[in-house]
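Commentary on secondary and tertiary structure
The lines below spell out each chain.
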There are 4 protein chains.
Amino acid sequence: MEHDVNREIDKMKEELIALRRDFHRYPELGWTEMRTSSIIARKLTDLGFDQVLTGDEVVHAKDRMGLPEEDYMEQCYARAQKEEGSNLEFLPRTRGGMTGVIGGLRCGKGPTLALRFDMDALPVKETDSRDHFPNKEGFSSRHDGIMHACGHDCHMAVGLGTAKILAAHRKDLHGTVKFIFQPAEEGVRGASAIVDAGHMDDVDYLLGAHMAGDASTRECAIGVGEWRSLATTKLDADFYGRAAHAGKHPEEGNNALLSAASAVLNLHAIPRVGGAMTRINVGRLIAGAGRNVICDQSHLELEVRGSTSEADEYMERYARRILESSARMHGCHVKISVAGKTCAGRNDPDFTEKIRAALMANSDLRVEPISQNRSLVSEDYATLAEAVQSHGGKSSYLLNIVPTVASLHECNFSPDEAGLMNGVKAFTAAVFALMK
Amino acid sequence: MEHDVNREIDKMKEELIALRRDFHRYPELGWTEMRTSSIIARKLTDLGFDQVLTGDEVVHAKDRMGLPEEDYMEQCYARAQKEEGSNLEFLPRTRGGMTGVIGGLRCGKGPTLALRFDMDALPVKETDSRDHFPNKEGFSSRHDGIMHACGHDCHMAVGLGTAKILAAHRKDLHGTVKFIFQPAEEGVRGASAIVDAGHMDDVDYLLGAHMAGDASTRECAIGVGEWRSLATTKLDADFYGRAAHAGKHPEEGNNALLSAASAVLNLHAIPRVGGAMTRINVGRLIAGAGRNVICDQSHLELEVRGSTSEADEYMERYARRILESSARMHGCHVKISVAGKTCAGRNDPDFTEKIRAALMANSDLRVEPISQNRSLVSEDYATLAEAVQSHGGKSSYLLNIVPTVASLHECNFSPDEAGLMNGVKAFTAAVFALMK
Amino acid sequence: MEHDVNREIDKMKEELIALRRDFHRYPELGWTEMRTSSIIARKLTDLGFDQVLTGDEVVHAKDRMGLPEEDYMEQCYARAQKEEGSNLEFLPRTRGGMTGVIGGLRCGKGPTLALRFDMDALPVKETDSRDHFPNKEGFSSRHDGIMHACGHDCHMAVGLGTAKILAAHRKDLHGTVKFIFQPAEEGVRGASAIVDAGHMDDVDYLLGAHMAGDASTRECAIGVGEWRSLATTKLDADFYGRAAHAGKHPEEGNNALLSAASAVLNLHAIPRVGGAMTRINVGRLIAGAGRNVICDQSHLELEVRGSTSEADEYMERYARRILESSARMHGCHVKISVAGKTCAGRNDPDFTEKIRAALMANSDLRVEPISQNRSLVSEDYATLAEAVQSHGGKSSYLLNIVPTVASLHECNFSPDEAGLMNGVKAFTAAVFALMK
Amino acid sequence: MEHDVNREIDKMKEELIALRRDFHRYPELGWTEMRTSSIIARKLTDLGFDQVLTGDEVVHAKDRMGLPEEDYMEQCYARAQKEEGSNLEFLPRTRGGMTGVIGGLRCGKGPTLALRFDMDALPVKETDSRDHFPNKEGFSSRHDGIMHACGHDCHMAVGLGTAKILAAHRKDLHGTVKFIFQPAEEGVRGASAIVDAGHMDDVDYLLGAHMAGDASTRECAIGVGEWRSLATTKLDADFYGRAAHAGKHPEEGNNALLSAASAVLNLHAIPRVGGAMTRINVGRLIAGAGRNVICDQSHLELEVRGSTSEADEYMERYARRILESSARMHGCHVKISVAGKTCAGRNDPDFTEKIRAALMANSDLRVEPISQNRSLVSEDYATLAEAVQSHGGKSSYLLNIVPTVASLHECNFSPDEAGLMNGVKAFTAAVFALMK
């Protein structure tokens, strides 16, 4: 990569910051990234992308996991229609939760390389502390109880910045670059639908990144190396029983709360797995109407994880058996739905080494290896990566580490905006190395 | 009792029905019977009662069990201030949940007799079926989600009707009649505070009644006899643990949902009691924030019952031990609060026989014995009765059975308004027999 | 009944005591009453009974519940063959647990009346206290760990005494008297097989009795009245899973101990029943081979009870569902077998009144009513009674109450032998009243 | 090491095999290695060892974990006194479970090096298959239900063989060699007492080995490398409640089986640990006397493990809290005792490399690295190693891998006796390298 490209990126500083702050102001939860999608589609189109997919071109409606209530999505759509600066040409494509954008930049013959950026925010109420950077600079969330507390606002700014640079240099590149702006990464709900729609079928190389790390990070150094993520399955279970008066005829009830309680204890007691690491958590339980009525309905939200996809499958299978048996035990039945799912993720070593070399060669970037103990999380990216790797493609996930006041998912999370330029430089350097 | 008194009561028909329908239109939950109390206080004052107690003269604030949230009570107060016909002189006495009215009618030397009427409505959404009598007659609930589905509207109309008759005939009576309009009967929350305030200390005779029975009742016949009710204790338990990321560091959490689930199973497994009937139900459980976080807070609502107060005490003691041990087991702690409590109730046989004779002698009333299988419910009245019986007083609880379309607590509950006149006649006949 | 008959019975005193002490010396557990059966069959034959049924004439092998291990039964047979005074003519009929004797005494035309006496002892080690009456008199148990601690030795002596008297007076009687010496009453295992073999089909009247009460009894008074007993079902459950090394591959196991533990908690949490009294107890659990192996086999022994047969059925059905679901939950399967079962028992009131009158008329006997609080036990007699009552026959169960040092099933149980004469007098008086 | 020494060892073949077969014939469980200890003490004495410690010189009585019943130990002593070839001079030192032998060979100034060999057999019934090598050669177990199924018979033969060689070459060595024949390795019960007695305080180098691997091993190759073992704690828990009749007065009981069942479920539900691997297993549960009695006593055997000692401590602490809370929950109390405990084990890398070099230099031995997936077991050796490492000493544990028909702990386990010579050669080579 030419030295000049880094300088071009440096000049984009104000633009990148402005993009990021705009997204930060209007955070949207998974499958409601409607305003966000409309703006991204507009920008990619304006940059001269050959193909800009939106709505049902990105995912098929039925493939979406962990969808919010219809009502909520309709409220979000109404919100996006008013005074938030959505692009009203593309907005209607997103109605009913059809979010996400895929942009194709064709640069002649050559491999297909995909870059993935996630879009959704979190149900976190942003702090009102005066010290909080978005408060000082006046770009804190306008959506009460929702916040870009996982840095996806930065990811999208990096994506759009990279798109602009590559579009400007398309004549120097070969092959096709596919920009995947993925909805509903939180809860690992969105990637699977993108795979199902076939968007990974022609991808030779896949790159993704998480911009910010935890609060202990001191320097801006891009993490490249042996990244791994846990496979995970998110399940919702609804038990249905029969209500009865707890004083007069308790035996006429079928106690959905007893079924749930028995399930919780037994779920946590699923055996450890010999050759792998596993996790189980029932994180939420809502049951019953009143203390003098045998509970006829209960709702559980749980997740399992595994350091291998097989271990995750074992956990899911066992969990389903427990849920069904716990229901039957007290004469109830249970409806189980998958609210999210991704496989175990891993970087291809040789490919990652190639990326590392490209980044090291770039005088603007500091690079550091990825340590093993970062591997106790799950990333929806793994589902895209597995799809690419399954037909021989290569994948690498970068940690674009920048200092931040608080850790991911916290109400005062605030990454150093210097990461925006580093992110664009890193992706650009990698693409140049792979497609020149 | 003179035959003429029954005729006087017959003439009150329209007035009783109007009173009942007014209460039905504006139902108020336990400890928010503010409009209701203000109207009753006004009426008793206008009838020339010697003493009309309200606010902290009825109960001490700290003695109230199962109080709603402050905010909710303030909303209810604001509601009562506007356009609902509250009596604005007495209303301020009820602010902050200081509801209930006690009226004293002194008729010279003689015993003190108390009559108890309950005031609160239920969190039931009234049916919008066109067949529902209150809908046809245009007096259905104006408070969405709240309904007089337990007949307390009728009880109060009977109480006020009886007050009017007795006030008119006070020269024919000896002793004192105390009208107790009790708040928060549902959930057995109010009687105990009335006892604690000393209102039962001078009571020689206590009478209470429930106007309507279940949907299988065919005739208007007053039930007199071997009434019994279950002792019960209502507990709320809040478990506090520590949150942690379910993927990264599950061991750093203290799982309040596991504590709750273990408590639920073990609570339902409390042994049966040899010489008594018992009940246990955890009717509600709310726990956790999200599936990927170790739950740090859970809330349980439960009740125990016993056919004897000793059996209820056994159940409560055992339940508390389970709650505390389940908390400790997973490194949590638990806060247990009593949301309601009443003892086992029973009628004094000789006294009840006297009441029965008085009612039988009244040509207007049909009387039937109370069957044993009605005894599987609890009644806050039992707490008042026990206080009276503990110092040698006598108590009897009547079932003033009238036909109804649906059973108690159902959204289309609708008792025959003929019960209003029967109720006034029954209480009047009993008072005349005891105090003439 | 003639005065003279009571005198005859008084003269049998030594004989009755000798019979009882002989049975006491050689107690035999349920389905191993081999020596006992052989002696009874001999005696009835010698008394000139028209029919003496033994072995498979009494019960069909396959109908027996709660059978001991084959080996144990063979050891018992060997024991009975040697030096214990068995009758070697009848003994071979009992081999393999084919115990029980039914004797028929035909006295011409008339109704069929059955008298039931139980035979088995308990797995209780008799005390070696010098104060214990059998020790003082030298007739304590010769079978280590087995004891007639429930008075069945007395019951059989009464049965044989009654047989002798009735045989002597058969010319004064009409109809048929059937003496049922029932095996395996403990654990309610034997009556059902006797019913299945048809022995109740022709019975018009059934009488049974328990000779001794609890240690608080002060006088010899025969209890006649509103006797009731609980229905009960005894279940054995064996869970089968798969073993695995708990360190290396816990996930390869199917944990039969987890299934059992989950079953235990949920079994005890089966709801109370509105209109009836119920019981549940898992009294025994044996599981696992070693601490470092996932348990592949566990064994539960439990019982349910109900004050009505319907309540018992509810409990059994629910218990089976829990056992099966708990097994499936952890990938195990379960084998459930019925180790005993009897229905709820009740006396026919008119018939009981007739018996009461007969006993009252007998100047030698004191009679007292049966109090309700004796009704928290189960009796295999109820199964015989129900069979008789189901075709219109009548049943009454007497409590032939005598003082005893310790309560039933205790190691120093020792009833007053005066009860032997009272028992014979009571049965004889009842038979004379019904069949004269 | 001189080439000649390997030849000397080859000449010991018959002697090593005879030793091993003698031990195999008379296997003894942990803390009953009485015959075994007496023979080893005799041999070391005869070899001219400077110090031969036995009885309370090896361990203090009170420090022993997981001791068998007194009666059983006395039976074992009686057995060892008769016809089994014990050495009757040393045998009395072992009475009451005071087993183990430590032999010291002083070779002048220099470091102290300890070699550890374990002695106890397993409660496994040896197969009677004709194909089983010990059956063919006539040296199968004479102690029914006990078998050297973990190769400790071979370990001891190797130990004695090494002792003989080193004693013969003591003039070529410097420093002191300490031979530790450790009792009760199974269940990790013995090492801790040896440490407590101070025997590791002066040890600079520690070596141990397990002779045979699993049935998939094909070649005789000594494993040297990154060995790791799990920390583990073995707990016994006895719950004490109160018995009661399950029909009459279930509420009078304190159900020790319910406490146990609740403990089992919650124990298995202890959270996974973020940075480590853990294990939990309740492998055995014995509870109750009969189905109609509330259980008053239950016994649990469990173990926890951790890939770090901290993780094991976390599991133990949590398990104790669950056991205590489960007891209290149902009004019981619990007695918890430690039946075994060892820490996590690891080899010192530099020291291990030195051993590897010494073995590689020995032309008779094949060496292979140790793979990570062997690390899911626990070894009492770790306790000795930690004691040595805690004061700066070095430790390495070898896998002296030989083919075997069946895996460790199986009834037809039978390692290739060629391992005996290899074992002696390996230890001898290591000692020569370290102490020459």
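Every value quoted in this text rests on a predicted model; they were computed, and no experiment measured them.

Turning our attention to the state of the cysteines. In total, this model carries zero disulfides over all chains according to the counting rule given. Counting only cysteine sulfurs, C:C150 is the nearest neighbor of C:C343, a cysteine outside any disulfide, at a range of 18 Å. The closest cysteine sulfur to the non-disulfide-bonded D:C411 is located on D:C150, 15 Å from its own sulfur.

The next subject is the relation of the copies chain A and chain B. Rotating chain A by 180 degrees and translating it 0.0 Å along the rotation axis places it on chain B, where the RMSD comes to 0.1 Å. Such a combination of rotation and displacement between the chain copies is what one expects of a two-fold axis. A shared interface surface links the copies, since 100% of the contact residues of chain A are contact residues in chain B too.

Glancing now at the sheet that holds strand β1 (residues 51-53) of chain B. Residues and elements named next belong to chain B. The eight strands are arranged β1-β2-β4-β3-β5-β14-β6-β13 in an open sheet whose pairing can be described as mixed. Only two strands of the sheet have a single partner each, and these edge strands are β1 and β13 (367-368). Bridge count for strand β6 (residues 221-223) against β13 is two bridges, and the pairing is parallel. Bridge pairing in β13 links I222 to V367.

This brings us to the pairing of strand β2 (residues 101-106) of chain B. All names here are of chain B. Counting buried positions over the six residues of β2 gives five, a clear majority of the element. As judged from the three bridges shared by β1 and β2, these two strands associate in the antiparallel manner. In the strand pairing of β2, L53 is matched with I102. As paired elements, β2 and strand β4 (residues 176-182) share six bridges and run antiparallel to each other. For R106, the partnering residue across the bridge sits in β4 and is T176.

As a further point, take the packing of aromatic side chains. In this structure the tally under the stated criterion is 40 aromatic pairs over all chains. Within the aromatic cluster, the residues linked to one another by ring pairs are A:F49, A:F117, A:F179, A:F181 and A:F427. Geometry around B:W31 places B:R64 over its ring, the cationic atom sitting 5.8 Å from the centre. When the ring centre of B:Y318 is taken as origin, the NZ or CZ atom of B:R321, which lies over that ring, is 4.4 Å away.

Contact with chain A, which involves 39 residues of that partner, is made by 39 residues of chain B. Counting the surface lost from both chain A and chain B, the interface buries some 3,200 Å², and carbon and sulfur atoms represent 58% of this. Summed over the shared surface of chain A and chain B, the number is two salt bridges. A salt bridge links B:R291 to A:D236; its shortest N-O distance comes to 2.8 Å.

Here we come to the pattern of salt bridges. Evaluated as defined, the whole model comprises 132 salt bridges over all chains. Among the salt bridges present, the one from D:D63 reaches D:K62, with a minimum N-O distance of 2.7 Å. Relative accessible area serves as the criterion here: at 12%, D:D63 is assigned to the buried category. Here the salt bridges do not stand alone but share partners, grouping A:R20, A:R21, A:E137, A:D153 and A:E417 into one network.

Conventions and cut-offs
Note that residues are indexed from 1 along each chain, following the sequence as it is written. Chains and ligands are labelled by the order in which they are written, letters from A for the one and numbers from 1 for the other. Given that the model is predicted, a residue must reach a pLDDT of at least 70 before its local features are reported, and side-chain atom pairs must reach 80 or more before they are shown or counted; all residues, however, enter totals for whole chains, interfaces and linings. Side-chain numbers come from the whole structure's heavy atoms, not from hydrogens or water. When the sulfur atoms of two cysteines come within 2.5 Å, that pair is taken as a disulfide. What sets the superposition is a least-squares fit of C-alpha atoms, and only residues with pLDDT of at least 70 in both copies go into it. Contacts: residue pairs with any heavy atoms within 4.5 Å of one another. Strand pairing requires that DSSP identify at least two bridges connecting the strands. In this text, helices come from DSSP runs of H or I with a minimum length of four residues, and strands from runs of E with a minimum of two, each type numbered from the N-terminal end. Each residue gets one of three labels from its accessible area relative to the maximum for its type: buried under 20%, exposed over 50%, partly exposed in between, using a 1.4 Å probe on protein chains only. Aromatic pairing here means that ring centres of Phe, Tyr or Trp (its six-membered ring) are within 6.5 Å. Orientation follows from the plane angle: under 30 degrees is stacked, over 60 is edge-to-face, and everything else is tilted. We count a charge as sitting over a ring when the NZ of a lysine or the CZ of an arginine lies within 6 Å of the ring centre and within 35 degrees of the ring normal. When two parts are put together, the accessible area they lose, computed with a 1.4 Å probe and summed over both, is reported as buried area. Definition used for salt bridges: Asp or Glu carboxyl oxygen within 4 Å of a side-chain nitrogen of Lys or Arg.

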